[in-house]
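Chains, contacts and geometry: an overview
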Amino acid sequence: MRSSLPRMSFRSFGWPLPALMAWSVCWFLYSLLQLKTNLPLWAVLGLVTLAGVLLSLLGGTWWRRLVIGLGFPLSLFFSGALSVPAWAWLLPLALLALIYPLNAWRDAPLFPTPEDALNDLPEVAPLEPGAKVLDAGCGLGQGLEALRQAYPLAELHGVEWSRPLACWCQRRCQGLGIRAHVERGDMWEVDWSVYDLVYLFQRPETLPRAMAKAATELRPGAWLVSLEFEARGFKPAAKLKTVSGKPVWVYRWPVEPLDNAAPTESARR
């Protein structure tokens with residue numbers, strides 16, 4: 001059951017207020033640690049930068065997350081408030097790389113699934129109770145949340161390359177009452193043959209690789225669902241319209257080569 005409490009995030013506020021709020025929190029934490037603790041300077045910088053990086057996860061887009069995450073160390077650097085060794089300024093970049101590893105950026109830089117984007121999916125891709133569903137590249141878990149709304153009786157799984165994001169996603173799902181098994185791993189190495197539906201919100205450049213993997217691993221009758229981006233050259237079983245404007249492309253295996261037939265469209269009201 002979904003919580004009836006309103007969910008607040010930085011994305012609820014107009015930009016750049018989220019960044020200003022995050023930077024203010026970081027500067028307050030920096031001042032507090034300086035005054036109330038005897039921690040060495042490098043430890044204070046590390047803790048505050050980590051706080052900024054974690055707050056950056058609440059940004060709405062990847063570039064806003066970078067602005068939020070780098071805001072405190074950059075503002076501290078340009079303020080000239082203190083002198084630290086040159087290597088210390090590599091710490092923010094190292095923490096950002098931990099949260100957003102390069103391998104993940106080659107796939108999709110933490111694109112969140114809009115709320116209710118998949119609610120009409122069962123009409124065109126029905127699943128039996130207990131069916132296994134994979135969110136390949138689950139990020140912070142918005143896709144798993146949308147999949148739970150669409151398939152409340154499905155067995156949900158998520159895989160995420162970034163270890164911090166995978167841990168955060170698991171805790172977020174638990175907080176929302178979503179039963180999902182989330183693991184840190186490479187979505188391209190996970191065996192898709194055990195799943196009845198694989199959900200993707202990737203970049204268009206990665207879809208040919210996804211379709212090739214699906215062709216070798218998905219069972220007959222299994223579904224591949226791509227939010228927003230079409231797998232060109234393949235005939236979708238359906239194309240769903242959503243309130244957010246991001247189409248949902250639905251493919252069933254074995255998929256047919258694309259011909260002149262138009263896909264079925266289902267418009268949400």
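Quick note: structure is the one above.
Residues numbered from 1 in each chain as written. Predicted model: local features only at pLDDT ≥ 70, side-chain atom pairs only at ≥ 80, totals over all residues. Heavy atoms only, no water.

With that out of the way, let us pick up helix 9 (residues 207-217). Among all positions of helix 9, only L207, A210, M211, K213 and A214 are buried. What you see down the axis of helix 9 is that its buried residues fit within an arc of 160°, all on one side. Of the residues in helix 9, the exposed ones pointing more than 90 degrees away from the buried face are P208, A215 and T216. Taken together, the buried residues of helix 9 touch strand 4 (197-200), strand 5 (223-227), strand 6 (234-235) and strand 8 (248-252). (Buried < 20%, exposed > 50% of the residue type's maximum accessible area, 1.4 Å probe, protein only. Helix = DSSP H or I, 4+ residues; strand = E, 2+ residues; numbered from the N terminus. Arc of directions from axis to C-beta. Contact = heavy atoms within 4.5 Å.)

To continue, consider unusual backbone geometry. W253 connects to P254 through a cis peptide bond whose omega is 0°. A positive phi angle, near 70°, is found at D116, a position not held by glycine. You can see D116 is positioned in the loop between helix 5 (102-107) and helix 6 (121-124). Take D116: its relative accessible area is 24%, and that puts it in the partly exposed class. A positive phi is found at E228, a non-glycine position, where the angle reads about 80°. By the element assignment, E228 lies in the loop between strand 5 and strand 6.

Applying the stated criterion across every chain yields a total of four aromatic pairs. When the centroid spacing of 5.6 Å and the interplanar angle of 85° are considered together, the rings of W27 and Y30 count as edge-to-face. Residue W27 and its partner Y30 are both found in helix 1 (residues 17-36); the two are separated by three residues, about one turn of the helix. For W27, a relative accessible area of 29% translates into the label partly exposed. These aromatic residues form a ring-pair network of at least three members: W27, Y30 and F72. (Phe/Tyr/Trp six-rings, centres within 6.5 Å; stacked < 30°, edge-to-face > 60°.)

Before going further, it helps to spend a moment on the pairing of strand 5. Strand 5 sits mainly inside the fold: five of its five residues count as buried. Both faces of strand 5 are covered, namely the face carrying W223, V225 and L227 and the face carrying L224 and S226. A crossover links strand 4 with its parallel partner strand 5, the connecting element being helix 9, and its sense is right-handed. Inspection of the sheet shows strand 5 paired to strand 8 by five bridges, in the antiparallel sense. (Right-handed = clockwise from strand over helix to strand, strands pointing away. Pairing = 2+ DSSP bridges.)

This brings us to the nonpolar core. By size, the foremost hydrophobic cluster in this structure holds 29 residues, and its most contacted members are L121 and L197. Counting residues per element, this core draws most heavily on helix 7 (residues 142-150), which supplies four residues. Dropping the residues within four chain positions of it, L197 is found in contact with L121, A125, L127, K132, V133, L134, L147, Y151, W223 and V225. With 22 residues, the next largest nonpolar core counts V190, L200, L207 and W253 among its residues. (Core = buried A, V, L, I, M, F, W, Y, C linked by side-chain atoms within 4.5 Å.)

A full pass over the atoms with the stated rule returns five salt bridges. Here D196 makes a salt bridge to R219, at a shortest N to O gap of 2.7 Å. Of this pair, D196 sits in the loop between strand 3 (180-184) and strand 4 while R219 sits in the loop between helix 9 and strand 5, and the two are 23 residues apart along the sequence. A salt bridge links R232 to E230, with the shortest nitrogen-to-oxygen separation between them at 3.9 Å. A relative accessible area of 70% means that R232 is categorised as exposed. (Salt bridge = Lys/Arg side-chain N within 4 Å of Asp/Glu carboxyl O.)

Where helix 1 contacts helix 2 (residues 41-56), the two axes come as close as 9 Å, and the packing angle between them is 155°. The orientation of helix 1 with respect to helix 2, classified from their angle, is roughly antiparallel. Judged by the twist between their axes, the crossing of helix 1 over helix 2 is right-handed. Counted together, A22, V25, C26, L29, Y30, L33 and Q34 of helix 1 and L41, V44, L45, L47, V48, A51, G52 and L55 of helix 2 form the full contact between these two elements. (Axes fitted to C-alpha atoms, helices over the stretch in contact; angles between N-to-C directions. Parallel < 35°, antiparallel > 145°, perpendicular 65-115°, else oblique. Left-handed = near helix turned anticlockwise from the far one by under 90°.)

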